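What follows is the residue order along each chain.
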Amino acid sequence: MKEELFVSGRMNNMIDPTLHIWHWQIPLYLFLGGMAAGILCLAAVYYIRGEGKRYYTAVRITPFLTPFLLVIGLLALFIDLRHKLFFWQLYTNIKLQSPMSWGAWTLMVITPVSFIWCALHIRDIFPKWDWKYKWLRELEKFFNKYKLALAWIMLIYGLILGIYTGILLSAFNARPLWNTSILGPLFLASGLSAGAAATLLLSKNPDERKHFAQIDLVIIGIEMFLIIHMFMGYLAGTQVQIEAADMFLGGPYTMSFWIFVVIIGMLVPAVLEILELRKYHIPALIPPVLVIFGSLMLRFIIVYAGQVSRWLY
Amino acid sequence: MRYAMAVDTRKCVGCSDCVVACQTENNVPLGFCRDWVVEVMDGTYPQLEIEIRSERCNHCVNAPCVRCCPTGASHFAEGGIVLVKKTECIGCGACIASCPYDARYPHPDGYVDKCTFCEHRILKGMKPACVEVCPTKCMYFGDLDDPNSDVSVVLKKRKFKTLIPEAGTDPRLYFLI
Amino acid sequence: MTNRREFIKISLYGAGALAAGAGGYRFFKQFSSAPDRGIIPPDLRRTPTYCEVCFWKCAGWVYKTPEGKIWKITGNDEDQHCNGRFCPRGTGGVGMYYDTDRLKTPLIRVEERGRQVFREVSWDEALDYIASKMKTIATRYGPESMALFTHGSGSSNFTNLMNAYGTPNIAEPSYAQCRGPRDEAFFATFGEEVYSPEITDIRDTRCLVLIGSHIGENMHNGQIQEMSDAIDKGASIITVDPRFSTAASKSQFWLPIKPSTDIALLLAWMNEIIYKEYYDKKYVEKYCSGFEQLKNHVKDFTPEWAYGITTIAPDLIRKTAKEMANAAPAVLIHPGRHVTWYGDDTQRIRAIAILNALLGSWGRRGGFYRPAKASVAGAKIPPYKEPSKSWQDLFPGKFPVAGSVPTNILIDASIPENNPGYPVKGWIINGTNLLSTIPDINTTTKAIQNLDLIVAIDTMPMEYTGWADVVLPECTYLERYDIIRSSPHRKPQIALRMPAAEPMYNTKPGYWIARELAKKLGLEAYFPYEKQEDLLDWQLRQLGTSLEEMKNIGVKTFEREYDDLYFGPDEQVEFGTDSGKIELYSPYLEQYGFDPMPKYVPHEEPAEGFYRLIYGRAPMHTFGRTSNNPNLTELMDENKVWINPKVAREWGLKNDQEIWLKNQDGHVSDFPIKVRITERIRWDSVYMVHGFGHTQKQLTRCYGKGANDTRLITKVLVDPIMGGTGMRSNFVTFLTEKEEQEAAL
Ligand SMILES: Nc1nc2c(c(=O)[nH]1)N[C@H]1C(S)=C(S)[C@@H](COP(=O)(O)OP(=O)(O)OC[C@H]3O[C@@H](n4cnc5c(=O)[nH]c(N)nc54)[C@H](O)[C@@H]3O)O[C@H]1N2
Ligand SMILES: Nc1nc2c(c(=O)[nH]1)N[C@H]1C(S)=C(S)[C@@H](COP(=O)(O)OP(=O)(O)OC[C@H]3O[C@@H](n4cnc5c(=O)[nH]c(N)nc54)[C@H](O)[C@@H]3O)O[C@H]1N2
Ligand code: SF4
Ligand code: SF4
Ligand code: SF4
Ligand code: SF4
Ligand code: SF4
Ligand SMILES: [Mo]
């Protein structure tokens, strides 16, 4: 029999008996960031491809969500900080090796970009909009001129942000569950899927809806592939990774992960979308809401489970 | 200068004096600890073995906590000691999540805290509080670059290991076995 | 209120207790103005002390912040007890000072609307009350009817007071519940005891044999340090323990003995050592008497014989005997300290003493050294008047060899039905928690019902303070002067304790309490110094130093008068026994009708479904006195019952499952205790750390945590030689649900 114990009570708050330093704020922040990234990437791609008219909602309307998503996300991150007064320290340092620093700076870029993008399309929502001040109008003119460049910045930083939401976790060698390079692409895919779902929610145009349902299906396919790959990677890995995987394969997170993330968040909406494409009548709200819900749950479960997974020694 | 510590698992009795001494010396608030003691027993009665280890931050050479810190609050100080500047720490918890040894904790005042190798003492030529208090004298501290330091001498004489070498952190806390 | 005393909670005021109990304790910042990390204040002040968290009395320094708040305690490098290193309990001693559950003001028991409660009173009123009761007892029954139970370095204050008052009935639990059998056994053998700190030369030993002594969990500081030195020097350690103790895990040989059979093992070792001629012939010839009788006595006690009794394989017995012989005379069969186990303890320790003698380790390097001690002059006081009755008159003929008063005899004598020679009617209890210290709680509570006066002097609200008529809050050792510590060691040495801070709340030092009470009893002459520091200064000056100097150095070491730490090669030694020899065969014990040489007598075994209850220490706690210490509860806040996996499987028990323990007499633990399933304990026994399961609610941190072993020790095997209370004679079974029973407390 092997017995391992802490002789003296280890009782570090939020560390013992298992790490739970990150609560709802971080997964929410990752989800909102990921979804915003997805929306902005899709908007940028279709704009760059010159399909801004065809996919009107995706390029011009859905991005209006992103300033809110990003600001709420940043707020969640801020709430999570325990030493809030020193928040500004994030922006007096550039730490190339720190994903957290990357994230902070990426947000620093993409948040204003998203505001500008919305500003350029504000008349799509409020047709009578007037910028009141001359310099604002000048500014609008300026950005309109460089809109393509702006779209490229949006695309690149959107991709970085989307991948970052996964890399933030996968950079932690200390948590075997997180320590897989699949997490970056997976979270990016999940963000894109949530972004596509957002357009599905907002768009009234059947053509656009159909297109985004197809996009979503492809992304869900990619996600499934990545998830399977991720587990194969764990199981072929070291003891600690096998144990990390076991949390989802019979362990405490099995039910929540497979039911909420995979079945409700991916398979059910995928099936519904296929049915919809086959002209079955499906309430338009349901598939995208499920996708967004699944995307959110993915962040929550990975963030929570990852904190439980640890090295053995 | 490369500071390091070695703990003799064959002499340590797990009394946790190192934990109390650290707590009082460094004013670690009640309910938290910078060091702790682990006991691993293996075997079947009466063929048994126990390894006892007094653990703390490993002051890793390849420290993930320093790497992931977005503000530079976690940094390497003179002699490779890994420290946190509390006026630069935003309390994001990234370093806590990044440490494979769970050696850090969020101080109730907001910043993240951990073992400092008692930098304030070693700067004065004293030994860390835990090393100095240990009734079994099973802890050795010193500069690896000084072949005559307590820690260099004992590492030359004895077999040792580090914790989770697979994690690639290159710890500076050695366990004599 | 002469009887029918009920246990009452210490107080209703408890403001501190409320504050501490109100949740946020975890984040309650204990040393809120202690220096920030990284900054040692420049004008740091330190004052000397010696530690009171256990009886090893290490000397150290109390460091304070610039604001004068107590910050930390560390060892004094010059001190032989600790060599500059405190143990966890000593380091955590600050918690004793900061514990908000402390006793804060004197209390008197009163009857209010039919209920007994404590009333806060002034010191004057409390002491007046005690003095008048004591005077009544003296006139009605004689001063011998007052008893003092005391433990710790404050004892001398009250011993002096009670001697002056005229009672011989002064008892410490360190005798009949602890070291008594050892002291008598070594006295019978070598004419000398082994003292405290023990004169064991562990530092230089080549083979250390531990019979139960669980050094490493038993944190007696000097011993643990020296054991570590010995390990470094490659000494071998042989541990005899039914449990895989920490010491066993550091040993080359672990002998997992069946509990209560140690005498058989010791006899087999003697057999092997004598018949294989391993013993130190020159030494035995020169210094010992009774060798031939011993040789004859152990003839049949072969390792094979012992195997059947102890379950230790014969070749392991032989191998370890050889190991000891190879190391001799630098071998040390440790005399143990808490040795009141099975009622034949004096005989077991006799066997240990004899084994040491055979291997020639007494007086030899690596065995037992000869101690030296500085003698501190006593204050000039009138002679105590000889009491007209002695403690032996309580129960004539009992415990003829006891050199001190067994606590339990005073308790027995407080129960009139026991027909003592004269009644005991009043107790002063200073610093000893009788209810968890003395086994058989029912007898103690019964005695309590028959008393006219109980005074409790303590720093904390404990179980016994709830039974007292008057509770006197002493300040902690960090807030007072105390007697000069002068204990036997390799070199004579003294240490000073002085206050590091003013007494908190309305608490007072023991010296002040004793002296004020003496004044009220007209015994002021026995306390000629108003302030203890004046007495100390006078005493220190006799020793060639002064209070001023000692405040700066804390510890002063003197040179030995002679260079005689060990016996000289041709030294003729006159031992303190009647024959002047080491008595392997003891005419001294024989004259009182006891076996002159130890014999193995089998002990009762557990019935089906029962397990022997054995207990011991955890390194971070001292008995029950630290279980509420904020710093130390952090390390360990409850005890668990150790159960062998086989037994656990049989009972379907899980780790950390809460169970109740019930002993052979039907007594159930007050609280549930968590299960710890471990291979480290035999399947015929269970183990727990003593000092938990407190029933005093005012102990906000430890109330109800774990179980109290003493509660389950109702069957006591009293040592007929000296009155020690054997406590490992109880068997427990497991209850997964609490069984209703008549509450004893
Ligand atoms: N941390 C700490 N240290 C202390 C104290 C404390 O309270 N806390 N108290 C101090 C005091 S006053 C004393 S007296 C000492 C006591 O310390 P020791 O003298 O070491 O006490 P023991 O009762 O000998 O030790 C208990 C051990 O005896 C074993 N044992 C039980 N039954 C048997 C048996 O039948 N045979 C054998 N061979 N072993 C058996 C138990 O498994 C346990 O390991 O500790 C001192 N040191
Ligand atoms: N079941 C069981 N019983 C045992 C033992 C065991 O292992 N198991 N061990 C036995 C042994 S070896 C011994 S030595 C005895 C020890 O027995 P005790 O000496 O009774 O030990 P404690 O339980 O620590 O009680 C000490 C009391 O002193 C108080 N105190 C502490 N400091 C001070 C102070 O400065 N002034 C005053 N006035 N009071 C103070 C504490 O609050 C506590 O109430 O117990 C014996 N009884
Ligand atoms: S103080 Fe020393 S012996 Fe005690 S637990 Fe710490 S390292 Fe081990
Ligand atoms: S042990 Fe943890 S906190 Fe310490 S340096 Fe290594 S990674 Fe950082
Ligand atoms: S919590 Fe503080 S030290 Fe840790 S990574 Fe964040 S800023 Fe750096
Ligand atoms: S080196 Fe200092 S800070 Fe680190 S564990 Fe030891 S006492 Fe604590
Ligand atoms: S051994 Fe520990 S508790 Fe006992 S006197 Fe020394 S430091 Fe204090
Ligand atoms: Mo004791």
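It should be emphasised that the depicted structure is a prediction, and the values quoted were computed from it without experimental measurement. Throughout, residues of each chain are indexed from 1 in the direction in which the sequence is written. Here the convention is simple: chains get letters from A, ligands get numbers from 1, in the order in which they are written. For a predicted model such as this one, the threshold for reporting local features is a pLDDT of at least 70, and the threshold for listing and counting side-chain atom pairs is 80 or more; totals across whole chains, interfaces and linings nevertheless cover every residue. The basis for every side-chain value is the complete set of heavy atoms in the structure, and neither hydrogens nor water enter the calculation.

**Thoughts on the overall build of chain B**
Alright, step 1. Each helix is a run of H or I in the DSSP string that is no shorter than four residues. Each strand is a run of E no shorter than two, and both are numbered from the N terminus. Secondary structure assignment for chain B yields 6 helices and 10 strands.
Alright, step 2. Atoms counted for the radius of gyration: C-alpha only. Globule rule: 2.2 Å times residue count to the power 0.38. The C-alpha radius of gyration computed for chain B amounts to 16 Å, which stays within 12% of the reference 16 Å derived for 177 residues, consistent with globular compactness.
Alright, step 3. Exposure classes here rest on a 1.4 Å probe applied to the protein chains alone. A residue is buried below 20% of its type maximum, exposed above 50%, and partly exposed in between. Per-residue burial for chain B yields a buried fraction of 75% across its 177 residues.

**Here's the deal with the overall build of chain C**
Alright, step 1. The secondary structure content of chain C amounts to 23 helices and 27 strands.
Alright, step 2. Rg of the C-alpha trace for chain C: 25 Å, near the compact-globule value of 27 Å for 745 residues, within the 12% margin.
Alright, step 3. In chain C, buried positions account for 67% of the 745 residues.
Alright, step 4. Look at the contacts in chain C between residues 6 or more apart in sequence, and 75% of them connect residues 24 or more apart.
Alright, step 5. Between the mean site of the 88 positive side-chain charges and the mean site of the 93 negative ones, chain C shows a separation of 3 Å. Residues are treated as being in contact if the distance between any of their heavy atoms lies within 4.5 Å. A residue counts as positive if it is Lys or Arg and as negative if it is Asp or Glu; His and the chain ends are not included. Note on charges: their place is set at NZ of Lys, CZ of Arg, CG of Asp or CD of Glu.

**Quick look at a nonpolar patch on the surface**
All names here are of chain A.
Alright, step 1. Two distance rules govern patches: like charges are joined within 9 Å, and nonpolar side chains (Val, Leu, Ile, Met, Phe, Trp, Tyr) within 5 Å, applied only to residues with over 30% relative accessible area and no salt bridge. Throughout, the Shrake-Rupley method with a 1.4 Å probe supplies accessible areas, and for residues the shown protein chains are the sole cover considered. Each salt bridge in this description consists of a side-chain nitrogen of Lys or Arg and a carboxyl oxygen of Asp or Glu lying within 4 Å of one another. A cluster of nonpolar side chains, L65, L201, L202, L285, I286 and V289, forms an exposed patch at the surface whose accessible area comes to about 450 Å².
Alright, step 2. Taken together, the elements giving at least two residues each to the nonpolar patch come down to helix 8 (183-202) and helix 12 (286-308).
Alright, step 3. One can find L285 in the loop between helix 11 (254-277) and helix 12.

**Describing helix 4 (residues 99-120) of chain A**
Alright, step 1. Relative to the 32 Å expected for 22 residues at 1.5 Å per residue, helix 4 of chain A spans 31 Å between its end C-alpha atoms, a close match to the ideal helical length.
Alright, step 2. In terms of burial, helix 4 of chain A is largely enclosed, as 16 of its 22 residues are buried. Helix span, expected: 1.5 Å multiplied by one less than the number of residues in the helix.

**Regarding the domain arrangement of chain C**
A common way to express how large an interface is: the accessible area buried when the components associate.
Residue and element names in this part refer to chain C.
Alright, step 1. Parsing chain C into structural domains produces domain 1 (177-371 + 581-590) and domain 2 (611-735).
Alright, step 2. Where each domain starts and ends comes from a domain assignment, either automatic or drawn from a database. Its C-alpha centre places domain 1 at a distance of 28 Å from the equivalent point of domain 2.
Alright, step 3. Facing the 30 residues of domain 1 at the interface are 26 residues of domain 2.
Alright, step 4. Applying the counting criterion to the domain 1 and domain 2 interface returns 0 salt bridges.
Alright, step 5. What qualifies as a polar contact is a pair of N or O atoms within 3.5 Å, subject to a donor-acceptor requirement within protein and to the restriction that residues adjacent in sequence count only when both atoms come from side chains. In this structure, the connection of domain 1 to domain 2 is made through 10 residue pairs in polar contact (both at pLDDT 80 or more).
Alright, step 6. Going through the elements one at a time, helix 6 (173-190) and helix 14 (345-358) are the ones with two or more residues in the side of domain 1 that touches domain 2.
Alright, step 7. Of the residues forming the side of domain 1 that touches domain 2, the biggest block, 4 residues, is contributed by helix 6.
Alright, step 8. Basically, the charged four are Asp, Glu, Lys and Arg, the nonpolar ten are Ala, Val, Leu, Ile, Met, Phe, Trp, Tyr, Cys and Pro, and anything else, Gly included, counts as polar. Here the side of domain 1 that touches domain 2 is built from residues that sort into 10 nonpolar, 14 polar and 6 charged.

**A look at the sheet that holds strand 4 (residues 107-112) of chain C**
Residue and element names in this part refer to chain C.
Alright, step 1. Here, strands pair whenever DSSP counts at least two bridges between them. Strand order in the open sheet formed by 7 strands is 5-4-15-14-13-6-7, and the pairing between neighbours is mixed. Each of the sheet's edge strands pairs with one partner strand only, and the pair in question is strand 5 (115-120) and strand 7 (170-171).
Alright, step 2. Pairing analysis gives 6 bridges linking strand 4 to strand 5, with the strands arranged antiparallel. When the sheet's bridge partners are listed, L107 is paired in strand 5 with E120.

**What to know about the pattern of salt bridges**
Any two side chains of opposite charge can pair, so long as their charged atoms come close to each other.
Alright, step 1. If you walk through the whole model with that rule in mind, you get 74 salt bridges over all chains.
Alright, step 2. Measuring nitrogen to oxygen at the nearest pair gives 3.1 Å for the salt bridge that ties E51 of chain A to R49 of chain A.
Alright, step 3. Look at R49 of chain A and you get exposed, because its relative accessible area is 54%.
Alright, step 4. A salt bridge links E25 of chain B to R121 of chain B; the shortest N-O distance between them is 3.1 Å.

**Overview of the interface of chain B and chain A**
Alright, step 1. On the side of chain A, 41 residues touch chain B, which itself brings 49 residues to the contact.
Alright, step 2. Between chain B and chain A, roughly 4000 Å² of surface is buried when both sides are summed, and carbon and sulfur atoms account for 58% of that area.
Alright, step 3. Scanning the region where chain B abuts chain A turns up 1 salt bridge.
Alright, step 4. Notably, a salt bridge pairs D102 of chain B with R175 of chain A, separated by 2.8 Å at the nearest N-O pair.
Alright, step 5. Counting across the interface, chain B meets chain A through 23 residue pairs in polar contact (both at pLDDT 80 or more).
Alright, step 6. Residue assignment for the side of chain B that touches chain A shows that the elements contributing at least two residues are strand 2 (36-44), strand 3 (47-55), helix 2 (64-68), helix 3 (94-98) and strand 6 (105-106) of chain B. Here the quantity called buried area is the accessible surface, traced with a 1.4 Å probe, that two parts lose on coming together, added over both.

**Some details on the site of ligand 1**
Residues and elements named next belong to chain C.
Alright, step 1. Whether a residue is near a molecule or strand is decided by its heavy atoms; if any one of them lies within 4 Å of it, the residue is near. Around ligand 1 sit 31 residues, and of these D241, D262, Y342, H621 and R728 come closest.
Alright, step 2. With respect to ligand 1, the side chain of N218 contributes an N or O atom lying 2.9 Å from a nitrogen atom.
Alright, step 3. Protein burial of ligand 1: of its 920 Å² of free accessible surface, 99% is covered by the chains.
Alright, step 4. By residue class, the composition of the shell around ligand 1 is 14 nonpolar, 9 polar and 8 charged.
Alright, step 5. Taken domain by domain, the makeup of the shell around ligand 1 includes at least three residues from each of domain 1 (177-371 + 581-590) and domain 2 (611-735).

**Observations regarding the packing of helix 9 (residues 262-275) of chain C against helix 13 (residues 314-327) of chain C**
All names here are of chain C.
Alright, step 1. Relative orientation of the contacting elements helix 9 and helix 13 amounts to 65 degrees, with a least axis distance of 9 Å. Read as a crossing pair, helix 9 and helix 13 show a hand that is right-handed. Residue-level inspection shows L265, A268, W269, E272 and I273 of helix 9 in contact with helix 13, the latter providing I317, R318, T320, A321 and M324.
Alright, step 2. Partitioning the contact of helix 9 with helix 13 into residue classes produces 7 nonpolar, 1 polar and 2 charged. For helices, the fitted line uses only the C-alpha atoms of the stretch in contact; every axis is such a line through C-alpha atoms, and the angle between N-to-C directions lies from 0 to 180 degrees. By definition, any crossing whose near helix is turned counterclockwise from its far helix by less than a right angle is left-handed, and any crossing with a clockwise turn is right-handed.

**Looking at the side chain of D16 of chain A**
Residues and elements named next belong to chain A.
Alright, step 1. For D16, the position within the fold is in the loop between strand 1 (2-6) and helix 1 (25-48).
Alright, step 2. Relative accessible area serves as the criterion here: at 15%, D16 is assigned to the buried category.
Alright, step 3. If near-sequence neighbours (up to four positions away) are discounted, D16 is found in contact with R10 and M11.

**Description of empty space enclosed by the protein**
Residues and elements named next belong to chain B.
Alright, step 1. Definitions used throughout: a 1 Å grid over protein atoms alone; a cavity as a set of points that fits a 1.4 Å probe which cannot get out; a pocket as an open set with protein on both sides within 12 Å along at least five of seven lines; a lining residue as one with an atom within 4 Å of a point. Grid points are joined across faces, edges and corners, and a volume is the space filled by probe spheres set on the points. This model, assessed by the stated rule, comprises 16 cavities of 30 Å³ or more.
Alright, step 2. The computed volume of the largest cavity comes to approximately 90 Å³.
Alright, step 3. In terms of lining residues, the largest cavity is bounded by 15 residues, among which C69, A73, C89, C92 and C95 are the most central.
Alright, step 4. Its residues placed into classes, the lining of the largest cavity shows 9 nonpolar, 4 polar and 2 charged.

**Let's talk about the pairing of strand 24 (residues 685-689) of chain C**
Alright, step 1. A large share of strand 24 of chain C lies buried, amounting to 5 of its 5 residues.
Alright, step 2. Residues S685, Y687 and V689 of chain C of strand 24 of chain C are buried on one face, and the alternating residues V686 and M688 of chain C, pointing to the opposite face, are buried as well.

**A short note on unusual backbone geometry**
Alright, step 1. Geometrically, the link from D16 of chain A to P17 of chain A is a cis peptide bond, its omega value of 0 degrees lying close to zero.
Alright, step 2. Among the structural elements, P17 of chain A can be located in the loop between strand 1 and helix 1.
Alright, step 3. Backbone torsion omega between Y45 of chain B and P46 of chain B reads 0 degrees, so that peptide bond is classified as cis.
Alright, step 4. Its place among the elements puts P46 of chain B in the loop between strand 2 and strand 3.
Alright, step 5. The residue S16 of chain B is not glycine, and still its phi comes out positive at about 75 degrees.
Alright, step 6. Within the fold, S16 of chain B resides in the loop between strand 1 (3-8) and helix 1 (17-25).
Alright, step 7. Since its relative accessible area comes to 1%, S16 of chain B is described here as buried.
Alright, step 8. Unusually for a residue other than glycine, N27 of chain B sits at a positive phi of about 55 degrees.
Alright, step 9. With respect to the helices, strands and loops of the structure, N27 of chain B is situated in the loop between helix 1 and strand 2.
Alright, step 10. N27 of chain B gets classed as buried once you look at its relative accessible area, which sits at 19%.

**Considerations on the sheet that holds strand 9 (residues 236-240) of chain C**
Sheet strands associate in pairs through backbone hydrogen bonding, adopting either a parallel or an antiparallel arrangement.
Residue and element names in this part refer to chain C.
Alright, step 1. Read from one edge of the open sheet, 4 strands run 10-9-8-12, paired in parallel fashion. The sheet is open, and its two borders are formed by strand 10 (253-255) and strand 12 (331-333), each paired with just one other strand. Here the strands of the sheet are splayed against their neighbours by 10 degrees on average, with no regard to which way each runs.
Alright, step 2. The pairing of strand 8 (residues 207-211) with strand 12 spans 3 bridges and is classified as parallel. Bridging from a neighbouring strand, C207 pairs with V331 of strand 12.

**Looking at the packing of aromatic side chains**
Alright, step 1. Between rings of Phe, Tyr and Trp, where Trp is taken as its six-membered ring, a pair exists when centres lie within 6.5 Å; planes separated by under 30 degrees are stacked, by over 60 edge-to-face, and by other angles tilted. Evaluated as defined, the whole model comprises 58 aromatic pairs over all chains.
Alright, step 2. Judged by centre distance (5.1 Å) and plane angle (85 degrees), the rings of F117 of chain B and F141 of chain B are edge-to-face. Taken as a pair, F117 of chain B in the loop between strand 7 (112-113) and helix 4 (119-122) and F141 of chain B in strand 8 (residues 139-143) lie far apart in primary sequence, 24 residues in all.
Alright, step 3. Looking at F141 of chain B, the relative accessible area reads 7%, which means it is buried.
Alright, step 4. Through a chain of ring-to-ring contacts, three or more aromatic side chains come together here, namely F231, Y234, F248, Y253, F257 and W258 of chain A.
Alright, step 5. Criterion for a charge above a ring: Arg CZ or Lys NZ at most 6 Å from the ring centre, at most 35 degrees from the ring normal. Looking at K281 of chain C, its charged tip hangs above the ring of Y279 of chain C, at a distance of 5.7 Å from the centre.

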